[in-house]
Amino acid sequence: MKKLTLLLFWFFLACTAQAQLIIDNAKKEVTKTSGATTTVIAGTAAPAPLGWHSKLVVTSNAANYVGITADYLVLTDGTPSAIGDAKTTGNVSVSAYITTSGVNGLDTGVAAASTWYAAWVIAKADGTVSCLLSASFTAPTLPSGYIYKARVGSAYVKSIGPVALYRFIQRGRMWQFTSEVNEGLSVLNGGTLTSLSVINISAACPTTAVAVWGDFRASASKRTSLSSNNSKTILTCSSGNQDTITLFYLVLETAQEMFYMVESAGSASIEVAGFEDY
C-alpha cells in the first residue's frame, strides 16, 4: 500500500511538472504590441480557428460603409497546418468603404452590383489593425505588409451608380436587414408550384450562410410548406379563411437554396429577414 501511494505521489509530481512546463513555454510565446496580444502557435499545436471573436458587431448604416467592432478577434496567416501563426487583437474598431481601394476598402477591382462581399479584419506583425472588403470569402488580396486576417461578416451591393449596400446589423454570426427592408427581403411573391421547388435566395444570404429566417404567407384556406430539400417538407403554414403569416428559421442543406410548395390553387410569399453565418 505504501509503495502504491509513493508511486501515485511521484506520478502526480511528474504530471504537475509537465503541465507547468507547458504553461511556461506558452507564456514565453505571448508578446504585447500596440495594445494587442499576439499569440504564436508553433510546433505541433493547432492554429487558432479562423474568426474566433468576442462581442463582434458588423454594421452598414450608410450606402457604402461597413463598420466593425469587437472586444477581441483571432486572426491567422491562413496556413492550414501546425506551423501557421495566429494573432489575437483586442478593442477592434475599424471601418471600410466599398468605394475605396486597398486598406479599409475593396481589396481589388471595383464593386459589382448584386454581389456579396466578405468583410475581413487584417493585421500586420507590428500590431497595426485595419479591415478589407473582398469578393473572396477564402483568400482576399492583402495589402503590402499585412499577413493576418479573419473573415468577420458580409455585405451585399444591391446597386451601382452610385454604389449602394443593403443596410444591416450583425451581432456575432447573426446577420439581419435593417431600416430599408421592411419585414424582410422578398424571395418569392405569389408562388403557385404544388411540389417542392427550389428558390434561389442568393440576394438574401451569402454562400457562407447555414440558416435563414423570416416569414412565409399562405393564401386563404390553403397550406404552404417550406423545406431545405426537395424530398420532405419541414415547416408548414396552414391558413384559415384569410391569409396567414408564419415565422420560420430554416437550416440550409445547399448554399443559397430553399424549397417551397403550396396546395392546389394556393399561393405563397416568402421574405428572408436575416441569416446565420458559419
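Residues numbered from 1 in each chain as written. Predicted model: local features only at pLDDT ≥ 70, side-chain atom pairs only at ≥ 80, totals over all residues. Heavy atoms only, no water.

1. Looking at the nonpolar core
So, point 1. In terms of nonpolar packing, the biggest core is built from 62 residues, with Ile68, Ile98, Ile201, Val212, Phe248 and Ile270 touching the most fellow members.
So, point 2. A total of eight residues in this core trace back to one element, the largest contributor, which is strand S7 (residues 115-124).
So, point 3. Those residues within four positions of Val212 in sequence are excluded, and the remaining contacts are Ile201, Cys205, Phe248, Tyr249, Leu250, Leu252, Val272, Gly274 and Phe275. (Core = buried A, V, L, I, M, F, W, Y, C linked by side-chain atoms within 4.5 Å. Buried < 20%, exposed > 50% of the residue type's maximum accessible area, 1.4 Å probe, protein only. Helix = DSSP H or I, 4+ residues; strand = E, 2+ residues; numbered from the N terminus. Contact = heavy atoms within 4.5 Å.)

2. Regarding the sheet that holds strand S19 (residues 257-262)
So, point 1. An order of S14-S19-S16-S17 is seen for the four strands of this open sheet, with the pairing classed as antiparallel. Each edge of the open sheet carries a strand with a single partner, namely strand S14 (197-200) and strand S17 (235-238). Going across the sheet, the axis of each strand differs from the next one's by a mean of 30°, ignoring polarity. (Pairing = 2+ DSSP bridges. Axes fitted to C-alpha atoms, helices over the stretch in contact; angles between N-to-C directions.)

3. Comments concerning the confidence of the model for the protein
So, point 1. Here the protein shows a mean pLDDT of 81. Residues at 70 or above account for 78%.
So, point 2. Across residues 1-50 the pLDDT falls below 50, and counting only partners more than four positions away or on other chains, this stretch makes 54 contacts in the model. (pLDDT = per-residue confidence, 0-100.)

4. Examining the pattern of salt bridges
Proximity of charged atoms lets side chains of opposite charge pair with each other.
So, point 1. The final tally for this structure, using the stated rule, is four salt bridges.
So, point 2. Among the ionic pairs, Arg217 bridges to Glu271, the shortest N-O distance being 4.0 Å. In this pair, Arg217 sits in strand S15 (residues 209-218) while Glu271 sits in strand S20 (residues 268-277), placing the two residues 54 residues apart along the sequence.
So, point 3. Owing to a relative accessible area of 14%, Glu271 belongs among the buried residues under this scheme.
So, point 4. Within the structure, one salt-bridge network assembled from shared partners comprises Asp215, Arg217 and Glu271. (Salt bridge = Lys/Arg side-chain N within 4 Å of Asp/Glu carboxyl O.)

5. Focus: unusual backbone geometry
So, point 1. At the junction of Gly161 and Pro162, the peptide bond is cis and its omega measures out at -5° in the coordinates.
So, point 2. Non-glycine residue Asn91 carries a positive phi angle of around 50°.
So, point 3. Its place among the elements puts Asn91 in strand S6 (residues 86-97).
So, point 4. Look at Asn91 and you get exposed, because its relative accessible area is 68%.
So, point 5. Not every positive phi belongs to a glycine, and Ser114 is a case in point at roughly 55°.

6. So, the packing of aromatic side chains
So, point 1. In this structure the tally under the stated criterion is eleven aromatic pairs.
So, point 2. Taking 5.6 Å as the distance between ring centres and 15° as the angle between the ring planes, the aromatic pair formed by Tyr156 and Tyr166 counts as stacked. Of the two residues, Tyr156 sits in strand S9 (residues 146-159) while Tyr166 sits in the loop between strand S10 (164-165) and strand S11 (168-171), which places them ten residues apart along the sequence.
So, point 3. Owing to a relative accessible area of 7%, Tyr156 belongs among the buried residues under this scheme.
So, point 4. On the basis of relative accessibility, which here comes to 14%, the residue Tyr166 falls in the buried class.
So, point 5. On the basis of an interplanar angle of 20° and a centroid distance of 4.8 Å, the ring pair of Phe168 and Trp175 is categorised as stacked.
So, point 6. Under the relative-accessibility criterion, Phe168 is labelled buried at 2%.
So, point 7. You can call Trp175 buried: its relative accessible area is 0%.
So, point 8. Members of the aromatic cluster, connected to one another through ring pairs, are Trp116, Tyr156, Tyr166, Phe168, Trp175, Phe177 and Phe275.
So, point 9. The ring centre of Tyr278 lies 5.4 Å from the NZ or CZ of Arg151, which sits over that ring. (Phe/Tyr/Trp six-rings, centres within 6.5 Å; stacked < 30°, edge-to-face > 60°. Lys NZ or Arg CZ within 6 Å of the ring centre and 35° of its normal.)

7. A word on the environment of Lys149
So, point 1. Here Lys149 shows up in strand S9.
So, point 2. Here the alpha-carbon distance between Lys149 and Leu132, two residues 17 residues apart in the chain, equals 9.3 Å.

8. Remarks on the environment of Val58
So, point 1. Here Val58 is to be found in strand S4 (residues 57-62).
So, point 2. Along the chain, Val58 and Arg171 lie 113 residues apart, while their C-alpha atoms are 6.6 Å from each other.
So, point 3. If near-sequence neighbours (up to four positions away) are discounted, Val58 is found in contact with Val66, Gly67, Ile68, Val152, Phe168, Ile169 and Gln170.

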